[in-house]
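Summary of the model geometry
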Amino acid sequence: EAGVVQSPRYKIIEKKQPVAFWCNPISGHNTLYWYRQNLGQGPELLIRYENEEAVDDSQLPKDRFSAERLKGVDSTLKIQPAELGDSAVYLCASSSGRGGVAGSEQFFGPGTRLTVL
Amino acid sequence: GESVGLHLPTLSVQEGDNSIINCAYSNSASDYFIWYKQESGKGPQFIIDIRSNMDKRQGQRVTVLLNKTVKHLSLQIAATQPGDSAVYFCAENRGRRGGNKLTFGTGTQLKVEL
């Protein structure tokens, strides 16, 4: 079974430019998460989707970040305009609500490493 | 604020020895605790989790211990192998009522020496 797929794997842009990341979750997983991971730190949640609905976007900087999951499957995360501090790895994860002691198992993609110059 | 953190940023062990990675947490309302392994260039990989009403759970070569009295979590890896070299994160999860939101700690780098 294919895991969570993300693209691109690497992206280098200049500040003030837009950038978009794409995620395809594991088939059948209704819940999709976007995380940001700064160097040497653990991932931090940006937004969580249940099907096509964003149910938790409290940590998403809405002035420049946006996300969508129009058909409840693939998702796109966008930054416009990018700032130097946005350099990080952007991770997508999905879960089915099953697995682990509480259905807590989330499966992560390889991430997109963003460098803003 | 509430946080999940790790005591040791780097742990070096000899191949074949047992490894113990520790984690302190401050949020006593967490329902579940999870250990993730992250290899270079990859996303975190689920290892094992434990419910807050348990004190021990075993998997294949791994054991997680939870001490709620001192808010301490540990991951024990038996017979550590070179493939175990990675960064290990503990994370808390408040379960479905909390949207399965994960709050990660900073991470511990495990280095396995041959």
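Above this text sits the structure in question.
All of these numbers come straight from a predicted model, not from anything done at the bench.

Calculation notes
- Residues numbered from 1 in each chain as written.
- Chains lettered and ligands numbered in written order.
- Predicted model: local features only at pLDDT ≥ 70, side-chain atom pairs only at ≥ 80, totals over all residues.
- Heavy atoms only, no water.
- Helix = DSSP H or I, 4+ residues; strand = E, 2+ residues; numbered from the N terminus.
- Buried < 20%, exposed > 50% of the residue type's maximum accessible area, 1.4 Å probe, protein only.
- Contact = heavy atoms within 4.5 Å.
- Areas by Shrake-Rupley, 256 points an atom, 1.4 Å probe, with all protein chains shown as cover.
- Polar contact = N/O pair within 3.5 Å; in protein donor to acceptor, adjacent residues only side chain to side chain.
- Nonpolar A, V, L, I, M, F, W, Y, C, P; charged D, E, K, R; others polar.
- Phe/Tyr/Trp six-rings, centres within 6.5 Å; stacked < 30°, edge-to-face > 60°.
- Core = buried A, V, L, I, M, F, W, Y, C linked by side-chain atoms within 4.5 Å.
- 1 Å grid on protein atoms, 1.4 Å probe; cavity = no way out; pocket = protein on both sides within 12 Å on 5 of 7 lines; lining within 4 Å.
- Points joined across faces, edges and corners; volume = space filled by probe spheres on them.
- Pairing = 2+ DSSP bridges.
- Axes fitted to C-alpha atoms, helices over the stretch in contact; angles between N-to-C directions.
- Disulfide = S-S within 2.5 Å.
- Salt bridge = Lys/Arg side-chain N within 4 Å of Asp/Glu carboxyl O.

Overview of the overall build of chain B
Across its full length, chain B carries 0 helices and 11 strands. In chain B, the order of α-helices and β-strands from amino to carboxyl end is β-β-β-β-β-β-β-β-β-β-β. Burial statistics for chain B: of 114 residues in total, 46% are counted as buried. Across chain B, every contact between residues at least 6 apart in sequence was considered, and the portion connecting residues at least 24 apart equals 54%. Just so you have it, chain B exposes about 5,500 Å², and 44% of that area is on carbon and sulfur atoms.

Regarding the interface of chain A and chain B
Listed per partner, the contact involves 24 residues of chain A and 23 residues of chain B. In this assembly, chain A and chain B are joined by 4 residue pairs in polar contact (both at pLDDT 80 or more). When residues of the side of chain A that touches chain B are traced back to their parent elements, those giving at least two are β4 (31–37) and β5 (44–50) of chain A. The element that contributes the greatest number of residues to the side of chain A that touches chain B is β4 of chain A, accounting for 3 residues. Considering only residue class, the side of chain A that touches chain B consists of 9 nonpolar, 11 polar and 4 charged.

Here we look at the packing of aromatic side chains
Considering all chains together, one arrives at 11 aromatic pairs over all chains under this definition. An aromatic cluster of at least three residues, connected via ring pairs, comprises Y33, Y35 and F108 of chain A together with Y36, F46, F89 and F104 of chain B.

Observations regarding the nonpolar core
Ranked by internal contacts, the top residues of the largest apolar core, which has 21 residues, are F21, W34, L77, I79, Y90 and L114 of chain A. For this core, the secondary-structure elements that each account for two or more residues are β3 (19–24), β4, β5, β8 (75–79), β9 (88–95) and β11 (112–116) of chain A. With near-sequence residues (within four places) excluded, L114 of chain A lies in contact with K11, I13, V19, F21, I79, D86, S87, A88 and Y90 of chain A. Of all hydrophobic cores here, the second largest spans 20 residues; its members include V13, V64, A86 and Y88 of chain B.

Notes on the layout of surface pockets
Put simply, the largest pocket is a space of about 600 Å³. Along the walls of the largest pocket sit 30 residues, with Q37, L39, V89 and R113 of chain A together with Q38 of chain B positioned nearest its centre. For the lining of the largest pocket, the secondary-structure elements that each account for two or more residues are β9 and β11 of chain A together with β9 (86–93) and β11 (108–113) of chain B. With 4 residues, β11 of chain A is the largest single contributor of residues to the lining of the largest pocket.

Details of the sheet that holds strand β7 (residues 65–68) of chain A
What links the strands of a sheet is backbone hydrogen bonding, and the strands pair in either a parallel or an antiparallel sense. Residue and element names in this part refer to chain A. Pairing in this open sheet of 4 strands is antiparallel, and the strands run β1-β3-β8-β7 from one edge to the other. Taken across any chain shown, the strands that pair with only one partner, and hence form the sheet edges, are β1 (5–7) and β7. Strand-to-strand twist across the sheet, computed as the mean angle between neighbouring axes with direction ignored, equals 15°. Of the strand pairs in this sheet, β1 and β3 are connected by 3 bridges, and their pairing is antiparallel. From the neighbouring strand, V5 faces β3, where its bridge partner is N24.

Section: the state of the cysteines
By the definition in use, this model includes 2 disulfides over all chains. Through a disulfide, C23 of chain A is tied to C92 of chain A; the S-S separation comes to 1.9 Å. One quick way to see it: the torsion about the S-S bond of C23 of chain A and C92 of chain A is about -70°, and its sign makes the bridge left-handed. Of this pair, C23 of chain A sits in strand β3 while C92 of chain A sits in strand β9; the two residues are 69 residues apart in sequence, bridging distant segments of the chain. Here C23 of chain A matches C92 of chain A in class, with each residue buried. One disulfide bridge connects C23 of chain B with C90 of chain B, the sulfur atoms lying 1.9 Å from each other. Taking the sign of the S-S torsion, about 50° here, the bridge from C23 of chain B to C90 of chain B comes out right-handed. Here C23 of chain B is found in strand β3 (residues 19–25), whereas its partner C90 of chain B is found in strand β9, with 67 residues between them in sequence.

With respect to the pattern of salt bridges
Following the criterion strictly, the structure yields 7 salt bridges over all chains and no others. R48 of chain A is the salt-bridge partner of E50 of chain A, the closest N and O atoms lying 2.7 Å from each other. For the salt bridge of E39 of chain B with K42 of chain B, the shortest nitrogen-to-oxygen distance reads 3.7 Å. The class of K42 of chain B is partly exposed, set by a relative accessible area of 47%. In this structure, a network of salt bridges that share partners links the residues R64, E83 and D86 of chain A.

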